[in-house]
Amino acid sequence: MNDNFTQNTTPPSWRATVLTLYPDMFPGPLNEALAGRALAEQIWSLNSVNIRDYAHGKHGSVDDQPFGGGPGMVMRPDVLAEAIDATLAKGAIGPVIYLTPRGAPLKQARVREISAGAGVTLICGRFEGVDERVLESRNIEEISIGDYVLSGGEIAALALLDAAVRLLPGVVGAAESLREESFEHGLLEYPHYTRPRQFEGKDVPEILLSGDHERIRSWRRAEAEKTTRNRRADLCAGTMSDCVNTRARP
Ligand code: ADE
């Protein structure tokens, strides 16, 4: 069995575990940049578990035809349940989340909660999906990263992990840059400018050169509100009194 729980002698770090049929897709892009540096520094750890290691019989099949007919194949509950149970018994940490377009849309608030915990265990489906009974019996949370269909949960898992890992203490240098970013106040981010002061005939907004930090702060707030109102009216109820959309924020 090719997992690395037993080799892990480092102090507790945020522990990510991914159950997948394609373990070589991990850490993939998470080995680069911020997440990659944090992985090397053992701020977090990543263990990918091959679901196929828990297959039964000489053919080792992990999927089967859907009862009731229909296209595609369904991941078997017995194989997946065994993979989940064995992985948790070896030290994987919950919540256990199945990535699926049927899941609850992933929001920054849930990312913050996941990041604030001790880790996460992610299940990546392929085929048409996984047998419903294992989701019920193991009380598995279902999350979607958007209203489109990926060919499997792996890329969704990478996205969720990237979002969570960058919030771990010590991963992003300036805490300030986390506080100011999109979704932190229920708003999208204000626009940014840097050198050169003039680019293709366009100037940097004068106020940003004024050195008046109070006026800059309120200009940025107004810009953030304008962008949010124009692009994502669904986000702004409760944040802006003049928002066209009055639905409660999720
Ligand atoms: N698996 C396939 N599509 C997905 C999506 N949009 N979100 C999460 N997991 C998925």
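Nothing here was measured: the structure is a model prediction, and the numbers come from that model.

Any chance you could break down the pairing of strand β5 (residues 96-105) for me, citing the residues and the numbers?
In this structure, β5 lies alongside strand β6 (residues 119-124), joined through four bridges in parallel fashion. Across the sheet, the residue bridging to Y98 is I123, located in β6. In the sheet, β5 pairs with strand β8 (residues 141-144) via five bridges, with the strands oriented parallel. Each residue of the ladder has a partner; that of Y98, found in β8, is E142.

How would you summarise the site of the ligand if you had to cite specific residues and measurements?
The environment of the ligand is made up of 13 residues, and the closest members are T100, I145, G146, Y148 and L150. Here T100 contributes a backbone N or O atom positioned 3.1 Å from a nitrogen atom of the ligand. In this structure, a nitrogen atom belonging to the ligand sits 3.0 Å away from a main-chain N or O atom of L150. Within the complex, 97% of the 270 Å² of free accessible area of the ligand lies under protein.

Provide a residue-level description of the sheet that holds β6, including the pertinent values.
Spatial strand order, β2-β1-β6-β5-β8: five strands in an open sheet with parallel pairing. The two strands at the open ends of the sheet, each matched to only one other strand, are β2 (44-50) and β8. Within this sheet the neighbouring strands show an average axis-to-axis angle of 35°, counted without direction. Helix α2 (residues 77-89) rests against β1 (14-20), β2, β5 and β6 of the sheet, and its axis sits at about 160° to β1.

Tell me what's going on with the pattern of salt bridges, and back it up with residues and numbers.
Tallying each qualifying case throughout the model produces 14 salt bridges. Notably, a salt bridge pairs R126 with E154, separated by 2.9 Å at the nearest N-O pair. With R126 in the loop between β6 and β7 (129-130) and E154 in helix α5 (residues 154-165), the pair connects residues that are 28 residues apart, well separated along the chain. Comparing R126 with E154 shows no difference in burial state: the two are buried. Where E223 meets K226, a salt bridge forms, and the shortest distance between an N and an O atom there is 3.4 Å. Linking E223 with K226, this pair stays in helix α7 (residues 213-231), spanning three residues, or about one helical turn. For K226, a relative accessible area of 40% translates into the label partly exposed. Counted as one network, the salt bridges with shared partners bring together D64, R76 and D78.

Which residues make up the sheet that holds β7, and what values do they have?
The strand order across the open sheet built from three strands is β3-β4-β7, with neighbouring strands paired in mixed fashion. Taken across any chain shown, the strands that pair with only one partner, and hence form the sheet edges, are β3 (63-64) and β7. Note: β3 against strand β4 (residues 74-75), two bridges, orientation antiparallel. When the sheet's bridge partners are listed, D64 is paired in β4 with V74.

Tell me what's going on with the confidence of the model for the protein, and back it up with residues and numbers.
Of the residues in the protein, 88% reach a pLDDT of 70 or more, and the chain-wide mean stands at 91. Across residues 245-250, where pLDDT falls below 50, the model places 11 contacts with residues more than four positions away in sequence or in other chains.

I'd like a rundown of the environment of A159, residues and numbers included.
Inspection of the secondary structure puts A159 in helix α5. Its relative accessible area of 35% is what places A159 among the partly exposed residues. For A159 and P29, which are 130 residues apart along the polypeptide, the C-alpha to C-alpha distance reads 9.8 Å.

Let's hear about the packing of helix α3 (residues 108-116) against α5: which residues, and what values?
At a closest axis distance of 8 Å, the pairing of α3 and α5 adopts a crossing angle of 70°. If you check the angle between α3 and α5, you find them roughly perpendicular. On the side of α3, the interface is formed by V111, I114 and S115, while α5 contributes L160, A163 and A164. Partitioned by chemical class, the residues of the contact of α3 with α5 number five nonpolar, one polar and no charged.

Just give me the short version of the environment of V130, but keep the residues and values in it.
Topologically, V130 is positioned in strand β7. By relative accessible area, V130 is classed as buried at 10%. As a C-alpha pair, V130 and T100 span 30 residues in sequence and 9.6 Å in three-dimensional space. For V130, the residues in contact, after removing those within four places along its chain, are V74, M75, L80, Y98 and L135.

Conventions we followed
Position numbers for residues count from 1 along each chain, tracking the sequence in the order it is written. Reporting in this predicted model follows two pLDDT cut-offs: at least 70 for local features of residues, and 80 or more for side-chain atom pairs to be given and counted; totals over whole chains, interfaces and linings ignore these cut-offs and use all residues. To get the side-chain values, all heavy atoms of the structure are used, and hydrogens and water are removed first. DSSP-based pairing: two strands are paired if at least 2 bridges between them are found. Secondary structure follows DSSP: runs of H or I at least 4 residues long count as helices, runs of E at least 2 residues long count as strands, and numbering of each begins at the N terminus. Only a single heavy atom is needed: when it lies within 4 Å of a molecule or strand, its residue is near that molecule or strand. Between N or O atoms, a polar contact is any pair within 3.5 Å; within protein, one atom must be a potential hydrogen donor and the other a potential acceptor, and residues adjacent in sequence are included only when both atoms are from side chains. Throughout, the Shrake-Rupley method with a 1.4 Å probe supplies accessible areas, and for residues the shown protein chains are the sole cover considered. Helix axes use the C-alpha atoms of the stretch in contact, all axes being lines fitted to C-alpha atoms, and the angles between their N-to-C directions lie in the range 0 to 180 degrees. A contact between two residues is defined here by any heavy atoms of the two lying within 4.5 Å. For this analysis, a salt bridge means a side-chain nitrogen from Lys or Arg found within 4 Å of a carboxyl oxygen belonging to Asp or Glu. Only protein chains enter the accessibility calculation, which uses a 1.4 Å probe. A residue is then buried if its area is under 20% of the maximum for its type, exposed if over 50%, and partly exposed in between. Per residue, pLDDT measures the predictor's confidence, with a range of 0 to 100. Should an angle fall under 35 degrees it is called roughly parallel, over 145 degrees roughly antiparallel, and 65 to 115 degrees roughly perpendicular, with every other angle called oblique. Each residue receives one of three labels: charged for Asp, Glu, Lys and Arg, nonpolar for Ala, Val, Leu, Ile, Met, Phe, Trp, Tyr, Cys and Pro, and polar for the others, Gly being one of them.

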